[in-house]
Amino acid sequence: QVQLVESGGGLVQAGGSLRLSCAASGSIFSIAAMGWYRQAPGKQRELVAGITSGGSTNYADSVKGRFTISRDNAKNTVYLQMNSLKPEDTAVYYCNGNLKRTVLGGWYVYWGQGTQVTVSS
């Protein structure tokens, strides 16, 4: 019933920008944190950026200074602004959320289906 849906991926030239969005929907009591991961062929899935509901952020070294994660808690939505894109940023980007469905329930991790980002040289 809980669903994370990514949008905003696509094809862009090196040096360009994209803005990814991820909206969490369904029965949600609280979200502790949301983040963006990516996976390229032949590589492990890696954390790109994460943000807590309170606004604390962390980034992979490879994207610091270029990417910015933000959130709108009222909309249960997280964003990833990607600037100065490089071909090595090409990957499937996945949204992740650590959330609680009810006040008495436990915390669970949910994943979106992913959105393709391709950066041409």
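Just above sits the structure.
The shown structure was predicted, so the numbers you read here are calculated from the model rather than taken from an experiment.

## Considerations on the pairing of strand S10 (residues 107-111)
The sheet contact formed by strand S9 (residues 91-100) and S10 spans five bridges and is antiparallel. Across the sheet, the residue bridging to Lys 100 is Trp 107, located in S10. Hairpin connection of S9 to S10: six residues between the antiparallel strands.

## Details of the environment of Thr 52
Along the polypeptide, Thr 52 turns up in strand S5 (residues 46-52). Thr 52 sits in the partly exposed class, given a relative accessible area of 31%. The sequence separation of Thr 52 and Asp 89 amounts to 37 residues, and the corresponding C-alpha distance is 23 Å. When sequence neighbours within four positions are dropped, the list of residues in contact with Thr 52 reads Ala 32, Ala 33 and Arg 71.

## Quick look at the packing of aromatic side chains
By convention here, two paired aromatic rings are described through the distance between centres and the angle between planes. Summed over the entire model, instances satisfying the criterion amount to one aromatic pair. Residue placement shows Arg 45 over the ring face of Tyr 94; its charged tip is 3.9 Å from the ring centre. Sitting over the ring of Trp 111, Arg 45 keeps its end group 4.8 Å from the ring centre.

Reading the values: the criteria
Residue positions are given per chain, counted from 1 along the sequence in the order it is written. pLDDT decides what is reported in this predicted model: residues at 70 or higher carry local features, side-chain atom pairs at 80 or more are listed and counted, and totals for whole chains, interfaces and linings draw on all residues regardless. Calculation of side-chain values draws on the structure's entire complement of heavy atoms; hydrogens and water are dropped beforehand. Any two strands are treated as partners once DSSP identifies two or more bridges connecting them. Secondary structure counts use DSSP, requiring at least four H or I residues in a row for a helix and at least two E residues in a row for a strand, with both numbered from the N terminus. Throughout this description, buried means an accessible area under 20% of the type-specific maximum (1.4 Å probe, protein chains only), exposed means over 50%, and partly exposed covers the range between. Should any heavy atoms of two residues lie within 4.5 Å, those residues are counted as being in contact. Pairing of aromatic side chains requires ring centres within 6.5 Å, counting the rings of Phe and Tyr and the six-membered ring of Trp. Pairs whose planes differ by under 30 degrees are stacked, by over 60 edge-to-face, and all others tilted. Charge-over-ring contacts are defined here by two conditions on Lys NZ or Arg CZ: a distance within 6 Å of the ring centre and an angle within 35 degrees of the ring normal.

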